[in-house]
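These are the residues of each chain, in order.
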Amino acid sequence: MPTVHLLDYAAGNIRSLVNAIEKLGWEVAWIESPEDVGKAEVSHHRDAGHFGHCLGQFRDAGYVEPVKRFIESGKPFMGICVGIQALFEGSAENTSVPGLGVIRSRLERFNDSEKSVPHIGWNSANVSGNQSIYGLRPDSKYYYVHSYAVPYRKGQLENDGWTVATARYGSEEFVGAVARDNVLATQFHPEKSGAAGQRVLKAFLNGQMRQPLPQLPSPTQEGLTRRIIACLDVRTNDQGDLVVTKGDQYDVREKDNNAVRNLGKPVEKAQQYYEQGADEVTFLNITSFRDTPLKDLPMLEVLRQASATVFVPLTIGGGIRDTHDPATNRTVPALEVATLYFKSGADKVSIGSDAVTAAEQYYASNKTLTGKTAIETISEAYGAQAVVVSVDPKRVYVASPEATSHHTISTAYRGPKGEKYCWYACTIRGGRETRDFDVVQLVTAVEALGAGEILLNCIDKDGTNSGFDLELIRSVKAAVKIPVIASSGAGNADHFAEVFQQTNVDAALGAGMFHRGEWTVKQVKEHLQHQGSMVRRFEE
Ligand code: 1PR
């Protein structure tokens, strides 16, 4: 078997890349020291995370010169995500740490006055002309997750001999991938980009830089697609099997016999939704408030198995917090817990209860950042884009905004006593405990602490099939710059169309309607496309 050498000196989910490479019939060897770089024949350099953190470690470990020499030797080299960023001269993310300077440009932060940052989701990588570079196609979409990018200035990189693939986010056109001689580097994650990404990896490994473009089935649309996420609430049922379940307003037991609803097996379901075209799959361990994740090895195994065949981003939630390990009688920091999940194939972790506690402490300490919360430590090590905060709010009706100190909205849906206003109280432990803390307070605090995305559930709407809570979504979107995923209440394809048309939410998530087989993800996407929205087409 041919061998590809992987350099992953910092943080990230490397398992998916290994899986993707092995699927193509290559063996992976690890570069463990700067001396190993010289021995490699084909090298991949891949990272997620913070530019300064990664480049700092990279320099300190002595990799800069060996990697530069490797590139100059003409042997095939590929950089992914921070792996492309490292090739530039520097980044606004940390101006004190220089890049390798292989490519003459600098990274800038996306402008968040008109759109969410980080840029998360499926976007293009278009090369002008009628040739395909390393299997990139203008009708395909690729998975990006980053806050910094090189703005595209026509001709600039081309004058240095680079072929450039571009993408557009809002009004900004940026560099999605570059190729020259022996080097290919992508801002997107090919290993998370389904069959389209596999094609790029395959072309690189086979050294097929230029190929004629095939006839395109449909005209190409540039820009970020609408993101559809399938969510699997997972727990052990009374028979001890790990099952996908689904509650009504968080109650997952059948009304007649009190059994935990069993809607299928987690890995099989994830695979099914991947093949239907889900843009991401989220697993929530909903009994994590009881079990320590360290004992909860089945969830780690679910991720290992799912990441072997599901080549889109995987999020895991439930129990991401500092945890007591009875086996060693020590407290395992949340960062270590998250690392277990990242190593098992997760791309993002989702933090629920612990985020509420951290946000409450943030206000109690006059908005001080301690650097010690789960959000801060994981975000620092893996990048903000790897930290989702899952919010479980429920409505509290009030007669007037003056009746509470919380952020109220005027609602079109009156309360039981005809109240015209409500606020959303945060809950913890799967909705079991309600806090005197509102959702706007929470999301603004976790954004300041370094969260990269909000998964916005709604207990009132969960399992009702009555559509998303648009009022809640609008108020949260108005409070933060980071992307927001709408969740709870989806019952049909029109509910997805409605949430995208009537709010500026970044992604939408469904659970029950998919699990019960009432709708497939593919049908939802076809409906959205019919309504004029851009969606990612599933490629075989
Ligand atoms: O607090 O960090 O340990 O995380 C626990 C996680 O488990 C949180 O993300 C919390 O939302 C989730 N969770 C806990 N209990 C439940 C439950 O249902 N009993 N599920 C639960 C949350 C909500 C969504 C659901 C959408 C869409 N489920 O995941 O998928 O509401 O459903 P629908 O489309 O069928 O309406 P921690």
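Residues numbered from 1 in each chain as written. Predicted model: local features only at pLDDT ≥ 70, side-chain atom pairs only at ≥ 80, totals over all residues.

For the protein, the name recorded in an unreviewed UniProt entry is Imidazole glycerol phosphate synthase hisHF, with Saxophila tyrrhenica as its organism. In its Function (unreviewed entry) section, the UniProt record describing the protein reads: "IGPS catalyzes the conversion of PRFAR and glutamine to IGP, AICAR and glutamate. The glutaminase domain produces the ammonia necessary for the cyclase domain to produce IGP and AICAR from PRFAR. The ammonia is channeled to the active site of the cyclase domain." In its Pathway (unreviewed entry) section, the UniProt entry covering the protein states "Amino-acid biosynthesis; L-histidine biosynthesis; L-histidine from 5-phospho-alpha-D-ribose 1-diphosphate: step 5/9." (UniProt positions renumbered as here; feature names shortened; annotations may be inferred.)

J.: Would you mind showing me how to read the overall build of the protein here?
T.: The helix and strand tally for the protein stands at 16 helices and 30 strands. In terms of overall dimensions, the protein is globule-like: its C-alpha atoms have a radius of gyration of 23 Å, near the 24 Å expected for 540 residues. In terms of principal-axis extent, the alpha carbons of the protein reach across some 75 × 55 × 45 Å. Across the protein, every contact between residues at least 6 apart in sequence was considered, and the portion connecting residues at least 24 apart equals 71%. (Helix = DSSP H or I, 4+ residues; strand = E, 2+ residues; numbered from the N terminus. Rg over C-alpha atoms; globule rule 2.2 N^0.38 Å. Contact = placed C-beta atoms within 7 Å.)

J.: Honestly, the packing of helix α9 (residues 334–344) against helix α11 (residues 374–382) in this entry has me stumped. Any pointers?
T.: Relative orientation and spacing of two packed helices are given, respectively, by the angle between their axes and the distance between those axes. Running from N to C, α9 and α11 cross one another at 50°; their axes reach a closest spacing of 9 Å. Between α9 and α11, the interaxial angle falls into the category oblique. In this structure, α9 crosses over α11, and the sense of that crossing is right-handed. Listed contacts from α11 to A334, L335, A338 and F342 of α9 are A374, T377, I378, A381 and Y382. Considering only residue class, the contact of α9 with α11 consists of 8 nonpolar, 1 polar and no charged. (Axes fitted to C-alpha atoms, helices over the stretch in contact; angles between N-to-C directions. Parallel < 35°, antiparallel > 145°, perpendicular 65-115°, else oblique. Left-handed = near helix turned anticlockwise from the far one by under 90°. Nonpolar A, V, L, I, M, F, W, Y, C, P; charged D, E, K, R; others polar.)

J.: How should helix α1 (residues 15–23) be read in this particular structure?
T.: The periodicity of an α-helix, 3.6 residues per turn, causes residues three or four places apart in sequence to face the same way. Residues of α1 that are buried: R15, S16, L17, V18, A20 and I21. Phi for G25, located one or two positions after α1, is positive at around 90°. (Buried ≥ 20, exposed ≤ 12 C-beta atoms within 10 Å, placed from the backbone.)

J.: Could you clarify how one ought to interpret the sheet that holds strand β5 (residues 90–91) in this entry?
T.: Within a sheet, each strand pairs with its neighbour through backbone hydrogen bonds, oriented either parallel or antiparallel. Here we have 3 strands laid out as an open sheet, ordered β5-β6-β11, and mixed in their pairing. Edge positions in the sheet fall to β5 and β11 (148–149), since each of these pairs with one other strand and no more. As judged from the 2 bridges shared by β5 and strand β6 (residues 106–109), these two strands associate in the parallel manner. Across the sheet, the residue bridging to G90 is R106, located in β6. (Pairing = 2+ DSSP bridges.)

J.: Mind showing me how you'd approach the site of the ligand here?
T.: What surrounds the ligand is a group of 32 residues, the closest being G352, S353, S390, G430 and G512. Where the shell around the ligand is concerned, the elements lending two or more residues are β16 (227–236), β22 (348–351) and α10 (353–364). Looking at side-chain class alone, the shell around the ligand contains 10 nonpolar, 17 polar and 5 charged residues. (Near = placed C-beta within 6 Å.)

J.: Is there a simple way to think about the UniProt feature "binding site: L-glutamine" (unreviewed entry) in the protein in this case?
T.: The positions that UniProt labels "binding site: L-glutamine" (unreviewed entry) are, in the present scheme, C81. Among the secondary structure elements, C81 is positioned in strand β4 (residues 77–81). Taking the C-beta count within 10 Å as the criterion, C81 has 27 such neighbours and is therefore assigned buried.

J.: I would appreciate a short explanation of the domain arrangement of the protein in the present structure.
T.: The parts lose accessible area when they come together, and the size of an interface is often stated as this lost area. In terms of domain boundaries, the protein breaks down into domain 1 (3–212) and domain 2 (227–391 + 437–530). Listed by partner, the interface residues are 26 residues for domain 1 and 27 residues for domain 2. Within the residue set of the side of domain 1 that touches domain 2, elements represented by two or more residues are α1, β7 (119–123), β10 (142–146) and α6 (194–205). The element that contributes the greatest number of residues to the side of domain 1 that touches domain 2 is α1, accounting for 4 residues. Within the side of domain 1 that touches domain 2, the residues separate by chemical class into 9 nonpolar, 13 polar and 4 charged. (Domains from an automatic or database assignment.)

J.: Can you walk me through the confidence of the model for the protein in this structure?
T.: Low-confidence regions, as indicated by low pLDDT, have predicted coordinates that should not be scrutinised in detail. Residues of the protein with pLDDT of at least 70 account for 95%, and the chain-wide mean is 92. For this predicted complex, the interface score ipTM comes out at 0.98, while the overall pTM is 0.96. (pLDDT = per-residue confidence, 0-100.)

J.: Looking at this structure, how should I read the pairing of strand β13 (residues 172–180)?
T.: Look at any regular strand and the pattern is simple: side chains alternate between the two faces of the sheet. Taken together, the 7 bridges between strand β12 (residues 163–169) and β13 define a ladder with antiparallel strand orientation. Note on β13: the bridge partner recorded for A167 is F174. Relative to strand β14 (residues 183–186), β13 runs antiparallel, the two sharing 4 bridges. Along β14, the bridge assignment pairs A179 with L184. Between β13 and β14, which pair antiparallel one after the other, the connecting turn spans 2 residues, and D181 there sits at a positive phi close to 50°.

J.: Looking at this structure, I do not really get the environment of K154. What am I missing?
T.: Following the sequence through the fold, K154 ends up in the loop between β11 and β12. In this structure the C-alpha to C-alpha distance between K154 and K348, which are 194 residues apart in sequence, comes to 34 Å.

J.: Please clarify how the pairing of strand β26 (residues 421–428) should be interpreted in this entry.
T.: As paired elements, strand β24 (residues 393–398) and β26 share 6 bridges and run antiparallel to each other. By the bridge assignment for β26, P393 is matched with C426. Bridging between strand β25 (residues 409–410) and β26 involves 2 bridges; their strand directions are antiparallel. The residue bridging I409 from the neighbouring strand is C422, located in β26. The antiparallel pairing of β26 with strand β27 (residues 433–438) creates a hairpin that spans 4 residues between the two strands, and R429 there sits at a positive phi of about 55°.

J.: Please clarify how unusual backbone geometry should be interpreted in this entry.
T.: Glycine aside, a negative phi is what most residues show, and trans is what most peptide bonds show. Following V117, the chain continues into P118 via a peptide bond in cis, with omega recorded as 10°. In this structure, P118 sits in the loop between β6 and β7. Here the phi dihedral of Y134 falls at roughly 45°; this positive angle occurs in a residue that is not glycine. Looking at the secondary structure, you find Y134 in the loop between β9 (131–133) and β10. Of note, N329 is a non-glycine position whose phi angle comes to about 55°, a positive value.

J.: Is there a simple way to explain the packing of helix α14 (residues 493–502) against helix α16 (residues 521–530) in this structure?
T.: For the pair α14 and α16, interaxial distance at closest approach is 9 Å and the crossing angle is 50°. With respect to α16, the element α14 is oriented oblique. Crossing handedness for the pair α14 and α16: right-handed. Of α16, the residues touching α14 (which contributes A493, F496 and A497) are Q523, V524, H527 and L528.

J.: Looking at this structure, how should I read the nonpolar core?
T.: Proteins that are soluble and globular tend to have nonpolar side chains buried together. V349, I378 and A508 are the most contacted members of the largest nonpolar core, which has 161 residues in total. Sorting elements by how many residues they give to this core places helix α12 (residues 439–449) first, with 7 residues. Two domains each put at least three residues into this core: domain 1 (3–212) and domain 2 (227–391 + 437–530). What V349 contacts, discounting residues up to four positions off in sequence, is I316, G317, I320, A338, Y341, I378, A386, V387 and V388. (Core = buried A, V, L, I, M, F, W, Y, C linked by C-beta atoms within 7 Å.)

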